[in-house]
Amino acid sequence: EYRTSNTYQYGRFEVRMKSAMGSGIVSSFFTIRDFWANGLSNTVHWREIDFESLGKYTDKFQTNIISAYENHHEQLHTLMYNPHAGFHTYAFEWTPDYIDFFIDGYLIRHEVSDYIGSFNTSQKIMMNIWQPIWEDWVGVFDESSFPIYAFYDWVKYYAYVPGTGNAGTNNNFIELWKDDFDDYDTERWSKASHSFDGNNADFTYANVVFDYG
């Protein structure tokens, strides 16, 4: 797992990635409110916006918005390609009024449900690859599929500047930074070493590797 040190409220979040293939595996790009770091534990504080690649599918990608009390709002999207075979660009726009998801520049989900207004606290940007216990969701895991990798080429963050930007929907966003992952920027990112309930994997520093960008 790779995560930003800083938090961000609203904006356009973008990654070019090639997801991991294999039953039982999830690779992701998401933002989450790290409320645990603030000494909070009740899931009423949960806020998360996800791209989740389920390795068992060669033609699907999942989006998910997790609101208070860890309520999941999942959608599974059919693709015209295998997301594990090559790099594609995944982005979402988070504003006070909507959350939109894009793949290769095409809008695939426009969410304006009532719970969107509760996404009003800053979040960290994260990427990880993990092995959930829920076989009905991700499929049965086969250890013979090791080694398994998810590849991240770059990440961009655009600030939300309604009507005054030069990117995204209605030019409401402006790019603040891009990381090409040529090396480990310890001022922007940190590697994770932890796990959580429902995760058969332990995140370790050694599993975040940089290879020619």
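In short, a report on the structure. (Residues numbered from 1 in each chain as written. Predicted model: local features only at pLDDT ≥ 70, side-chain atom pairs only at ≥ 80, totals over all residues. Heavy atoms only, no water.)

### Topic: the sheet that holds strand 10 (residues 124-130)
- One open sheet holds the seven strands; their spatial order is 6-5-4-3-10-1-13, and the pairing between them is antiparallel. Among the strands making up the open sheet, the edge pair consists of strand 6 (71-78) and strand 13 (189-191). Averaged over all adjacent pairs, the angle separating strand axes in this sheet is 20°, with direction ignored. (Pairing = 2+ DSSP bridges. Helix = DSSP H or I, 4+ residues; strand = E, 2+ residues; numbered from the N terminus. Axes fitted to C-alpha atoms, helices over the stretch in contact; angles between N-to-C directions.)

### Section: the packing of aromatic side chains
- Summed over the entire model, instances satisfying the criterion amount to 32 aromatic pairs.
- For the ring pair phenylalanine 51 and phenylalanine 101, a centre distance of 5.3 Å and an interplane angle of 90° mean the geometry is edge-to-face. Here phenylalanine 51, found in strand 4 (residues 48-54), pairs with phenylalanine 101, found in strand 8 (residues 99-103); they are 50 residues apart in sequence, far enough to count as distant. Exposure class is identical for phenylalanine 51 and phenylalanine 101. Each is buried.
- Pairing tyrosine 115 with phenylalanine 119 gives two aromatic rings, centres 6.4 Å apart and planes at 55°, and the pair type is tilted.
- On the basis of relative accessible area, phenylalanine 119 is assigned to the buried category, the value being 1%.
- Over the ring of phenylalanine 151 we find lysine 18; its NZ or CZ atom is 4.9 Å from the centre of that ring.
- In this arrangement the basic side chain of arginine 188 is found over the ring face of tryptophan 177, its NZ or CZ atom lying 4.1 Å from the centre. (Phe/Tyr/Trp six-rings, centres within 6.5 Å; stacked < 30°, edge-to-face > 60°. Buried < 20%, exposed > 50% of the residue type's maximum accessible area, 1.4 Å probe, protein only. Lys NZ or Arg CZ within 6 Å of the ring centre and 35° of its normal.)

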